[in-house]
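Now for the letters of each chain:
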Amino acid sequence: MTAFATWERRVQRGAHPFAYPLIRAVGTIRPVFRLPGLGVLVSEASLVREVLMDGGYTKAGAKASGALWTPVVGPRALLNMHGEEHLELRRRLNALFTPRAVEDIVAPAAARLRERLATGLENGAPVEFVGLVKELSGGVISRLLGIPDDAPGRLPDSEFFNRASSITSVVRLGRPRLSARQVAKAKAAVELLAGPVRQAYRDDDPDTFPGRLRVLGLSEDEAVGIVSAFVIAGTETLVSYVPRLAGLLYDDGRLPALAAERTGLPAMVNEGLRFTAPSPMMLREATNDGWLGGVRIKRGERIMLSTVHAVKSLGGFDPGMPIPAAARQLWFGAGAHFCIGMPLAMAEINSAMTVLLDEYNLQPWTIRSRTISRNVLIPGYKSLELVRAQ
Ligand code: HEM
């Protein structure tokens, strides 16, 4: 097995030591399989897509985990909505991520990442890259909250990440409901983020993100719900993916050529998303009796969509490999709940990779050490230390 494949497997197994081998093994044998007490595991891309495109499967039900978020972020946070109401809110958000809006949100945090990486590497000491990506993500969160970079007493970027992470860290695989204590903890973290959103919304400045939500016709509570959804869905996934992509390209020996000539970068980013599947599973609840891949589905059943098997089973990391239509971009979902933050995610990924490759061009760096996160919901590196090559 190649170095990058070995590290990827360690990352996946570190997060889910039993579930990962189990769902990969089951997925290889049966495209649809009922796991007693857990739900129906769907592992083939075309069937995963079929469920995502079918309004008969809901993300809002208790079994689908959407409802898990309602006591924390309120009822109108996209990821806990279904049907016409959800579509209508998505329609209003269509114009949210124009290229200019994305640039405004990501560029300041990306500039800080560039500065921090360059200074760290120049000093000759190891630079811990996962921490830098957390700061990038924290900087983006501060923009989503509508906090100006020069606001007096503004928290450091890492603190915005920590607050986001304290919301998402309450969720674990196999724990479909939150206890009252967990709800209270996550709600307290959301309230800390909600304060600035409400303030920016009331200031009515369309140059801030909450101000833009107001222009798009959202109420103040809806703006808080949407920003919370972005923080919940867009923090861990990004912090998982960027260091894994950096590790993968390093392990696969692709950095020298890519640093010199960047035209291959979009294909590598895309293939890296397929190969790592940063959002490994999507959950739904069946609202009707029916059939899926020859298996009888009962109303109220939990449907576990194994994105990780559906896309990883297509093969090893190969940016030239054609992806079957059913699997294309499945790592961002499909249908009504398709990742609304994709333009923002791509901008964050591309800017972080550009910074890494620019630094590599100046003087190559190597990975000095790395550790993996254990027993977390989203697999990833805990640390990835970069150092200038001698
Ligand atoms: C590599 C990074 C990312 C990956 C792999 C990813 C993946 C996904 C996937 C698979 C879904 C669909 C879930 C489902 O149908 O159950 C989703 C939804 C969503 N994503 Fe992302 N995401 C990423 C980054 C982001 C970012 C940066 C944001 C925003 C800041 C974001 C915001 C959202 C939201 C709000 C939803 C829910 C949309 C809805 O329910 O209508 N995501 N994402």
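All of the points below concern the structure found in this document.

The rules behind each value
Residues numbered from 1 in each chain as written. Predicted model: local features only at pLDDT ≥ 70, side-chain atom pairs only at ≥ 80, totals over all residues. Heavy atoms only, no water. Helix = DSSP H or I, 4+ residues; strand = E, 2+ residues; numbered from the N terminus. Rg over C-alpha atoms; globule rule 2.2 N^0.38 Å. Buried < 20%, exposed > 50% of the residue type's maximum accessible area, 1.4 Å probe, protein only. Contact = heavy atoms within 4.5 Å. Near = heavy atom within 4 Å. Polar contact = N/O pair within 3.5 Å; in protein donor to acceptor, adjacent residues only side chain to side chain. Nonpolar A, V, L, I, M, F, W, Y, C, P; charged D, E, K, R; others polar. Pairing = 2+ DSSP bridges. Axes fitted to C-alpha atoms, helices over the stretch in contact; angles between N-to-C directions. Donors = N, O, S within 2.8 Å, 3.2 Å for Na, K, Ca; no water. Core = buried A, V, L, I, M, F, W, Y, C linked by side-chain atoms within 4.5 Å. Phe/Tyr/Trp six-rings, centres within 6.5 Å; stacked < 30°, edge-to-face > 60°. Lys NZ or Arg CZ within 6 Å of the ring centre and 35° of its normal.

**Remarks on the overall build of the protein**
Okay, so step 1: On a plain count of helices and strands, the protein comes out with 16 helices and ten strands.
Okay, so step 2: On C-alpha atoms alone, the protein measures out to a radius of gyration of 21 Å, which is about the 21 Å that the 2.2 N^0.38 rule sets for 390 residues.
Okay, so step 3: Considered along the principal axes of its C-alpha atoms, the protein spans approximately 60 × 55 × 35 Å.
Okay, so step 4: Across the 390 residues that make up the protein, the buried fraction comes to 52%.
Okay, so step 5: Within the protein, residue pairs in contact and separated by at least 24 positions form 70% of the contacts whose partners lie at least 6 positions apart.

**Here's the deal with the site of the ligand**
Okay, so step 1: Contacts to the ligand come from 25 residues, most closely from Lys59, His86, Arg284, His337 and Cys339.
Okay, so step 2: Between an oxygen atom of the ligand and a side-chain N or O atom of Arg284, the distance comes to 2.7 Å.
Okay, so step 3: Take His337: an N or O atom from its side chain is 2.6 Å from an oxygen atom of the ligand.
Okay, so step 4: Those elements that place two or more of their residues in the shell around the ligand are helix H5 (83-92), helix H11 (220-234), strand S5 (282-286) and helix H16 (342-362).
Okay, so step 5: Here the residues of the shell around the ligand are counted per class, giving 14 nonpolar, seven polar and four charged.

**Side note on the sheet that holds strand S9 (residues 365-372)**
Okay, so step 1: Here three strands make up an open sheet; going across it, the order is S4-S10-S9 and the pairing antiparallel. With partners counted over all chains shown, the strands left at the sheet margins are strand S4 (127-128) and S9, one partner each.
Okay, so step 2: Bridging between S9 and strand S10 (residues 381-388) involves seven bridges; their strand directions are antiparallel. Looking across to S10, one finds that Trp365 is bridged to Arg388.
Okay, so step 3: Where helix H1 (residues 3-15) meets the sheet, it contacts S9 and S10, and its direction lies at approximately 30° from that of S9.

**Describing the coordination of the iron atom of the ligand**
Okay, so step 1: Protein coordination of the iron atom of the ligand rests on one atom only, Cys339 (SG), at 2.3 Å.
Okay, so step 2: Position of Cys339 among the secondary structure elements: in the loop between helix H15 (307-312) and H16.

**Observations regarding the pairing of strand S2 (residues 39-42)**
Okay, so step 1: Here strand S1 (residues 32-35) pairs with S2 via four bridges, running antiparallel. Bridge assignment links Leu35 to a residue of S2, and that residue is Gly39.
Okay, so step 2: Adjacent in sequence and paired antiparallel, S1 and S2 are bridged by three residues, among which Gly37 carries a positive phi angle near 85°.
Okay, so step 3: Looking at chain direction, S2 and strand S8 (residues 302-305) are connected through three bridges and run parallel. Within S8, the residue paired with Leu41 across the bridge is Met304.

**Some remarks on the nonpolar core**
Okay, so step 1: Core analysis: the biggest nonpolar cluster contains 129 residues, and Phe129 and Ile167 have the highest contact counts within it.
Okay, so step 2: In terms of residues, this core owes the most to one element, H16, which gives ten residues.
Okay, so step 3: If we skip the residues at most four places from it in the chain, Phe129 touches Leu113, Val242, Pro243, Ala246, Leu356, Leu384 and Leu386.

**Thoughts on the environment of Asp358**
Okay, so step 1: Examined against the element boundaries, Asp358 turns out to sit in helix H16.
Okay, so step 2: Note on Asp358: relative accessible area 24%, which makes it partly exposed.
Okay, so step 3: As for Asp358 and Val26, which are separated by 332 residues in sequence, their C-alpha atoms are 42 Å apart.
Okay, so step 4: Filtering out sequence-adjacent residues up to four positions away, Asp358 remains in contact with Arg114 and Arg262.

**Topic: the side chain of Ser383**
Okay, so step 1: Summarising the element assignment, Ser383 is placed in strand S10.
Okay, so step 2: Side chain to side chain, Ser383 and Thr371 meet in a polar contact 2.6 Å long.
Okay, so step 3: Those residues in contact with Ser383 that sit more than four places away from it in its chain are Glu128, Val130, Ser369, Arg370 and Thr371.

**Notes on the packing of aromatic side chains**
Okay, so step 1: Scanning the model with the defined rule gives ten aromatic pairs in all.
Okay, so step 2: Judged by centre distance (6.1 Å) and plane angle (15°), the ring pair of Phe97 and Phe209 falls under stacked. Residue Phe97 is located in the loop between H5 and helix H6 (99-122), and its partner Phe209 is located in helix H10 (residues 209-215); the two are separated by 112 residues in the primary sequence. The exposure classification of Phe97 matches that of Phe209, with both residues buried.
Okay, so step 3: Following the ring pairs from residue to residue traces out a cluster consisting of Phe4, Phe275 and Phe317.
Okay, so step 4: It is Arg10 that lies over the ring of Trp7; its NZ or CZ is 4.5 Å from the centre.
Okay, so step 5: The ring of Phe275 carries Lys312 above its face, with NZ or CZ at 3.8 Å from the centroid.

**Concerning the environment of Gly120**
Okay, so step 1: Assignment of secondary structure puts Gly120 in helix H6.
Okay, so step 2: Put simply, Gly120 and Leu386 are 266 residues apart on the chain and 9.4 Å apart in space, counted from C-alpha to C-alpha.
Okay, so step 3: If near-sequence neighbours (up to four positions away) are discounted, Gly120 is found in contact with Ala125 and Val127.

**Considerations on the sheet that holds S8**
Okay, so step 1: The five strands are arranged S1-S2-S8-S5-S3 in an open sheet whose pairing can be described as mixed. The open sheet is flanked by S1 and strand S3 (57-58), the only strands paired with a single partner.
Okay, so step 2: Looking at chain direction, S3 and S5 are connected through two bridges and run antiparallel. From the neighbouring strand, Thr58 faces S5, where its bridge partner is Glu285.

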